[in-house]
Amino acid sequence: MELPYAEPFKIKMVEPIKNSTKEQRLQWIKEANYNLFNLTSDKVFIDLLTDSGTGAMSDRQWSEMMLGDESYAGSSSFIKLKNTVKKITGFEYFLPTHQGRAAENVLFSALVKEGDIVPGNSHFDTTKGHIEFRKAKAVDCTIKEAFDTTINHPFKGNLDLTLLEAVFKKTPKEKIPFVVVTVTCNTAGGQPVSMENIKAVSALCKKYEIPLYFDAARFAENAYFIKKREKGYEHKPIKEICKEFFAYGDGMTMSAKKDGLVNMGGFVALNNEEVFKKAMVFNIMFEGFITYGGMNGRDMGALSVGLDEATEYTYLESRVEQVAFLGEKITSYGIPVQQPFGGHAIFVDATKFLPNIPREQFTAQTLAIELYIEGGIRGVEIGTILADRDPETRENRYPELESVRLAIPRRTYTDNHMNYIAAVLKNVYDKRNEIISGYQIVDEAPIMRHFTVKLEKI
Ligand code: F0G
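These numbers were taken from a predicted model, which means no experiment stands behind them.

1. Structural notes on the pattern of salt bridges
A complete count under the given rule lists 31 salt bridges for this structure. Between Asp51 and Arg319 there is a salt bridge, with its nearest N and O atoms 3.8 Å apart. Linking Asp51 in the loop between strand S1 (46-47) and helix H2 (59-66) with Arg319 in helix H12 (residues 313-332), this pair joins segments that are 268 residues apart in sequence. Here Arg359 and Glu402 are joined by a salt bridge, their closest N and O atoms 2.9 Å apart. Here Arg359 is found in the loop between helix H13 (350-353) and helix H14 (363-375), whereas its partner Glu402 is found in the loop between helix H15 (384-387) and strand S12 (403-407), with 43 residues between them in sequence. By relative accessible area, which is 1% here, Glu402 ends up buried. Taken together, the shared-partner salt bridges connect Asp51, Arg218, Glu221, Asp259, Arg319 and Arg410 into one network.

2. Comments concerning the packing of aromatic side chains
Within this structure, the stated rule accounts for 20 aromatic pairs. Taking the centre distance of 5.4 Å and the plane angle of 70° together, the rings of Phe178 and Tyr213 count as edge-to-face. Here Phe178 is found in the loop between helix H6 (161-170) and strand S5 (179-182), whereas its partner Tyr213 is found in strand S6 (residues 212-215), with 35 residues between them in sequence. In this pair, the class of Phe178 matches that of Tyr213, namely buried. Arg432 extends its terminal NZ or CZ atom over the ring of Tyr429, reaching a point 3.8 Å from the ring centre.

3. Focus on the packing of H2 against helix H11 (residues 297-310)
Running from N to C, H2 and H11 cross one another at 155°; their axes reach a closest spacing of 7 Å. Looking at the two axes, H2 sits roughly antiparallel to H11. Between H2 and H11 lies a crossing whose hand is right-handed. When H2 is examined against H11, the residues Arg60, Gln61, Glu64 and Met65 are found in contact with a partner set consisting of Arg298, Asp299, Gly301, Ala302, Val305, Gly306, Asp308 and Glu309.

4. Focus on the side chain of His153
By secondary structure assignment, the location of His153 is in the loop between strand S4 (137-140) and H6. Among the polar contacts listed, one links the side chain of His153 to the backbone nitrogen of Phe155, at a separation of 2.9 Å. Setting aside chain neighbours within four positions, we find His153 in contact with Ile143, Glu145, Asn158 and Pro340.

5. Looking at the domain arrangement of the chain
Partitioning the chain into domains gives domain 1 (22-51 + 320-457) and domain 2 (59-310). Here the C-alpha centroids of domain 1 and domain 2 sit 27 Å apart. Residue-level contacts link 26 residues of domain 1 with 32 residues of domain 2. Regarding the contact of domain 1 and domain 2, the summed buried area is about 2400 Å², with carbon and sulfur atoms giving 53% of it. Sorting the residues of domain 1 by area buried against domain 2 places Gln338, Pro340 and Arg410 first, and these three jointly supply 23% of that buried surface. Remark: the boundary between domain 1 and domain 2 carries 5 salt bridges. With a closest N to O distance of 3.0 Å, Arg411 and Glu309 form a salt bridge.

6. Comments concerning the pairing of S5
Neither face of S5 is left uncovered, since the one carrying Val179 and Val181 and the one carrying Val180 and Thr182 both have all their residues buried. As paired elements, S5 and S6 share 4 bridges and run parallel to each other. Among the inter-strand pairings, Val181 is bridged to a residue of S6, identified as Phe214. Taken together, S5, helix H7 (residues 195-207) and S6 constitute a β-α-β crossover, and its handedness is right-handed.

7. So, the packing of helix H8 (residues 219-229) against helix H9 (residues 238-246)
Remark: H8 packs on H9, axes separated minimally by 9 Å, with the N-to-C direction vectors making an angle of 105°. The angle between H8 and H9 places the two elements in the roughly perpendicular class. Here Phe219, Asn222, Ala223, Tyr224, Ile226 and Lys227 of H8 come into contact with H9, specifically with Ile238, Ile241, Cys242, Phe245 and Phe246. When its residues are assigned to classes, the contact of H8 with H9 shows 9 nonpolar, 1 polar and 1 charged.

Criteria and cut-off values
Residues numbered from 1 in each chain as written. Predicted model: local features only at pLDDT ≥ 70, side-chain atom pairs only at ≥ 80, totals over all residues. Heavy atoms only, no water. Salt bridge = Lys/Arg side-chain N within 4 Å of Asp/Glu carboxyl O. Helix = DSSP H or I, 4+ residues; strand = E, 2+ residues; numbered from the N terminus. Buried < 20%, exposed > 50% of the residue type's maximum accessible area, 1.4 Å probe, protein only. Phe/Tyr/Trp six-rings, centres within 6.5 Å; stacked < 30°, edge-to-face > 60°. Lys NZ or Arg CZ within 6 Å of the ring centre and 35° of its normal. Axes fitted to C-alpha atoms, helices over the stretch in contact; angles between N-to-C directions. Parallel < 35°, antiparallel > 145°, perpendicular 65-115°, else oblique. Left-handed = near helix turned anticlockwise from the far one by under 90°. Contact = heavy atoms within 4.5 Å. Polar contact = N/O pair within 3.5 Å; in protein donor to acceptor, adjacent residues only side chain to side chain. Domains from an automatic or database assignment. Buried area = accessible area lost by both parts, 1.4 Å probe. Pairing = 2+ DSSP bridges. Right-handed = clockwise from strand over helix to strand, strands pointing away. Nonpolar A, V, L, I, M, F, W, Y, C, P; charged D, E, K, R; others polar.

Right, dumping it as structure tokens:
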């Protein structure tokens, strides 16, 4: 028989986790104002809140921590990281930042002004936040297939080229500082963008003289999907695929907490010297000197190794296929999830899961709370609470998809954990008709409300 894949690592250190009772969890979630962000981690058994900064580092990364050079300027750890970024992305200029949104802050401070339009496949919430904070507008040009969780389109992260060109046609080019392509597209369900689409977007951008930047948090997972699903790439090494798609862009912002395989870090990388010079000033202002930008020397060293490991095929196979293993298991119970499975997470279709809960009562949040109470697993709402209010009308925005994301940390949980998670979902699914009321907001922040929102049961 053909041998299955197996993790290209063994476990050297373990961290105990503890389960709790349903009664305890009912009490805790009430005390947390029904906001899963308010739970302390000791009250969570399996934490699927995010795959961001929650993964395990390798022994090679830990040894790099010991070699960290903490010099304020020009440290060897910085040089190591700069060289790795150049090797993997091809981008000439590089600015470290403390995480992804900081990279957005630095780059957007240099490029985005009031009244601008920033199109993309589907902006992540911090990206949208940084655009809207500058009184500019983020426009999603998502392909329509992405909104139907049952369609098995291989590249649901693709941009709709007609929508994108329509934006280009009706907006003067001075008002479009750049296009953002998010790889993989988190908001659309961890869905990849094809090389063909990246190529076409790049050509369109060149025609209208608009720069193209990647939000590259999960670029390696995107490359894995290209290798598995796109003709002509099946024999290409992951690193070559990454280099190829980055070559279609002018730069990137990176949250290294994902495909950098570190717990904290980020960067901006780009080709244009003018933009680099502008961004550099904001980097110094917001992050730190340009050779550390909010990161320790040791963290830059670990990131340099992490980027190398994350772009290895055997690692990516075990990573993405573990997510798919969970997806298959959940689907086998008849539970509706975004198809095909995302690279970093399974997105459960909450509207289909809980048809009795109207969206005004936050369907996905209701489901996330039920999953916590049932089995101590912490997912995250990717729905109406996250979508926030329209900045002009202040009305709730109802996104096309109302889902609960079960994000899988990298190299952290085993397949037994995946089986446990699937069983929790099944138990809640079996009693879905008894869940008949949701939640209402009692307190919310004016922007990015999901982190601190307080809710009460209706
Ligand atoms: N872009 C994407 C696509 C992201 O998913 C994130 C973070 C960021 C940018 C911001 O990076 O957190 O390092 O500041 N996503 C996390 C998540 C928080 O849970 O999906 P950051």
